[in-house]
Amino acid sequence: MDLNADVLLSVVVALFIVRGLRRFLDLPTRLPRINRLLNWIWAPGLALFVVARAVHWKSDQLDELYMLFVLGVVTVILSSVRSYRPARTLLLAVAPFVLYSVLELLLPALSSSILEEYDATFENSKGFAFIWLFTFLLIARSQKKQLEKERLEREEEEKARQLIAAHNQELERLVAERTATLTQQAEELREALTELKTTQTQLIQAEKMASLGELTAGIAHEIQNPLNFVTNFSDVSAELITELEEEQQRPTRDPELEAELLGDLKQNLLKITHHGQRAASIVRGMLEHSRASTGERQATNLNGLADEYLRLAYHGLRAKDKSFNATLVTNFDPNLGTVEAVSQDVGRVLLNLFTNAFYAVQKRKELNQPGYSPIVTVSTRHLSNGDVEVQVRDNGMGIPQAVVDKIFQPFFTTKPTGEGTGLGLSLSYDIITKGHGGTLTVETTEGSGTTFSITLPA
């Protein structure tokens, strides 16, 4: 049997030891240079085998010599990473085995009688060294698992901390951005309020000069409500912004309170926008009402104009309420011809009458009366005196007799608050009577329907 062949088996064992050491200590990361050198751990063992074969040197200690070299390399590596607790434990594990290997290699060279005399002692020492080695290997393995667990916990804590920090930073950014936006909007609202108050003052003064006390009273009454709402909600919004800024300055901020404050601010802004638009609508209608038409009269096809605005009003309402449907009936006089009129102004009147008619039949439809079908009819004809008549009829709710005489007054409306300015019929009346020298009248039966009649000079 070739005694030197055992060194090759030791080389294989050394490769397994190096592989386990790399994985256990993470040598590619901790000691990359030494890790690359370990790729040649097999070289000394193979060199011993080749030299021994070349000089015909037969010894049963070649494998022990090579393993002592491997243990020395392991000891050097463990010493290099001794700051790592499992590495120190491994160093303690291999220390007795290294000492035993040194003695086992040196004693036969010094005195073979000593080895024979204490053979039993050496065998017991070898067993102790192996037990010690495996015991501390288990301890090191347990330490590594514990350290890995602690590392993972630290990483999770760090991730959680970073997530919280990022969330807080994003929250601060959003709050700061929203606060800046709300502050800017509040300032714009204050400016709008100032402009509205100025407009209100100017309008009241103009109406006083024109001795239109009723119109002035209507303007003041109608525009005051939305202005009061804007003022109140602006003040409340300013208080909420102050409270939000105070909350931001506190060391322990309450995200729920901030979210609640932002929600309240949003609701206030929506209400301010609604009432601001209401006030703007009143102002626009009022300006249109007081402005004299400068349009030139021209030959106008009333049949085509009425048909056009009938469809426009119907589809406009359908765009808001897809469920709404009504029957449109047109009775146009084919021999009506043309009428000298300002088509834009007459079209505005027709659009207003059609819109009111559709509103009336829609409200009656909501009552779910059996057999009811919404119908809006428009008809044109020549009167005996040569004038032209346009009638808009609906089978809606009708107008209460108590308020019929008021429907052409500025700012009077039968619609709920917020749904009308009360200027539509007033503007229409002025356009027909003052702008065209015609008439605009109404006939109504409460619960059955309403008919508006326009007459224009031929």
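Residues numbered from 1 in each chain as written. Predicted model: local features only at pLDDT ≥ 70, side-chain atom pairs only at ≥ 80, totals over all residues. Heavy atoms only, no water.

A. Examining helix α5 (residues 62-80) more closely. An ideal rise of 1.5 Å per residue puts 27 Å on 19 residues; α5 measures up with 27 Å between its terminal C-alpha atoms. All of the buried residues along α5 are Leu 62, Asp 63, Tyr 66, Met 67, Leu 68, Val 70, Leu 71, Val 74, Ile 77 and Leu 78. (Helix = DSSP H or I, 4+ residues; strand = E, 2+ residues; numbered from the N terminus. Expected span 1.5 Å × (residues − 1). Buried < 20%, exposed > 50% of the residue type's maximum accessible area, 1.4 Å probe, protein only.)

B. Region of the structure containing a negative patch on the surface. On the surface, a cluster of negative charge is made up of Glu 243, Glu 245, Glu 246, Asp 254, Glu 256, Glu 260 and Asp 264. Elements with a minimum of two residues in the negative patch: α9 (213-249) and α10 (255-290). Its location among the elements puts Asp 254 in the loop between α9 and α10. A relative accessible area of 34% means that Asp 254 is categorised as partly exposed. (Patch = residues over 30% accessible without salt bridge, like charges linked within 9 Å, V, L, I, M, F, W, Y side chains within 5 Å. Areas by Shrake-Rupley, 256 points an atom, 1.4 Å probe, with all protein chains shown as cover. Salt bridge = Lys/Arg side-chain N within 4 Å of Asp/Glu carboxyl O. Lys, Arg positive; Asp, Glu negative; His and termini not counted. Charge placed at Lys NZ, Arg CZ, Asp CG, Glu CD.)

C. Local environment of the environment of Asn 168. For Asn 168, the location among the structural elements is in helix α8 (residues 119-209). Residue classification places Asn 168 among the partly exposed residues on the basis of a relative accessible area of 36%. Placed 85 residues apart in sequence, Asn 168 and Arg 253 show a C-alpha to C-alpha distance of 9.9 Å.

D. Seen up close, the packing of aromatic side chains. Within the structure shown, the criterion is met by five aromatic pairs. Ring centres 6.0 Å apart and planes at 50° place the aromatic pair Tyr 314 and Phe 324 in the tilted group. Separated by 10 residues along the polypeptide, Tyr 314 in helix α11 (residues 302-320) and Phe 324 in the loop between α11 and β2 (327-331) bring together distant segments of the chain. We classify Tyr 314 as buried; its relative accessible area is 10%. Residue Phe 324 is classed as buried on the basis of its relative accessible area of 4%. Taken together through their ring pairs, the aromatic side chains of Tyr 314, Phe 324 and Phe 358 make up a single cluster. Sitting over the face of the ring of Phe 24, Lys 144 holds its NZ or CZ atom 5.5 Å from the ring centroid. (Phe/Tyr/Trp six-rings, centres within 6.5 Å; stacked < 30°, edge-to-face > 60°. Lys NZ or Arg CZ within 6 Å of the ring centre and 35° of its normal.)

E. A look at unusual backbone geometry. One non-glycine residue with positive phi stands out, namely Asp 26, at about 55°. For Asp 26, the location among the structural elements is in the loop between α1 (6-25) and α2 (27-30). With relative accessibility at 36%, the residue Asp 26 sits in the partly exposed group. Residue Asn 368 is not a glycine yet carries a positive backbone phi of 55°.

F. Spatial organisation of the side chain of Thr 380. Among the structural elements, Thr 380 can be located in strand β4 (residues 375-382). A residue is classified by how much of its surface remains accessible, and Thr 380, at 5% relative accessible area, is buried. From its side chain, Thr 380 meets the backbone nitrogen of Asp 333 in a polar contact 3.0 Å long. With near-sequence residues (within four places) excluded, Thr 380 lies in contact with Asn 303, Asn 331, Phe 332, Asp 333, Leu 336, Glu 389 and Val 390. (Polar contact = N/O pair within 3.5 Å; in protein donor to acceptor, adjacent residues only side chain to side chain. Contact = heavy atoms within 4.5 Å.)

G. Fine view of the environment of Ile 77. Topologically, Ile 77 is positioned in helix α5. Every residue in contact with Ile 77, bar those within four places of it in the chain, is listed here: Leu 21, Leu 25, Leu 27, Leu 31, Ile 34 and Leu 38.

H. Just the sheet that holds β2, in detail. Strand order in the open sheet made by the five strands is β2-β4-β5-β7-β6, with mixed pairing throughout. Among the strands making up the open sheet, the edge pair consists of β2 and β6 (439-445). Each strand of the sheet is rotated relative to its neighbour by a mean of 10°, with strand direction disregarded. Pairing geometry for β2 and β4, over five bridges, is parallel. Bridge pairing links Thr 327 to Ile 375 in β4. This element, helix α12 (residues 343-365), spans β2, β4, β5 (388-394), β6 and β7 (449-456) of the sheet and lies at about 20° to β5. Packed onto the sheet, helix α13 (residues 424-436) meets β6 and β7 and runs at close to 140° relative to β6. (Pairing = 2+ DSSP bridges. Axes fitted to C-alpha atoms, helices over the stretch in contact; angles between N-to-C directions.)

I. Quick peek at the environment of Glu 245. For Glu 245, the location among the structural elements is in helix α9. Considered as a pair, Glu 245 and Ala 176 are 69 residues apart in the sequence and their alpha carbons are 9.1 Å apart.

J. Structural context of the UniProt feature "transmembrane region" (unreviewed entry) in the chain. Following the UniProt record, the feature "transmembrane region" (unreviewed entry) maps to residues 6-25, 37-54, 66-84 and 91-115 here. Across residues 37-54, the secondary structure splits into 78% helix and 0% strand, with the terminal C-alpha atoms separated by 27 Å. Taken end to end, residues 66-84 has its terminal C-alpha atoms 27 Å apart, with 79% of it in helix and 0% in strand. (UniProt positions renumbered as here; feature names shortened; annotations may be inferred.)

K. Highlighting a nonpolar patch on the surface. Taken together, the side chains of Leu 8, Leu 15, Trp 40, Trp 42, Leu 46 and Val 50 define a hydrophobic patch exposed on the protein surface, amounting to about 550 Å² of accessible area. For the nonpolar patch, the secondary structure elements donating two or more residues are α1 and α4 (42-54). Element by element, the count of residues in the nonpolar patch is highest for α4, at three residues. Summarising the element assignment, Leu 15 is placed in helix α1.

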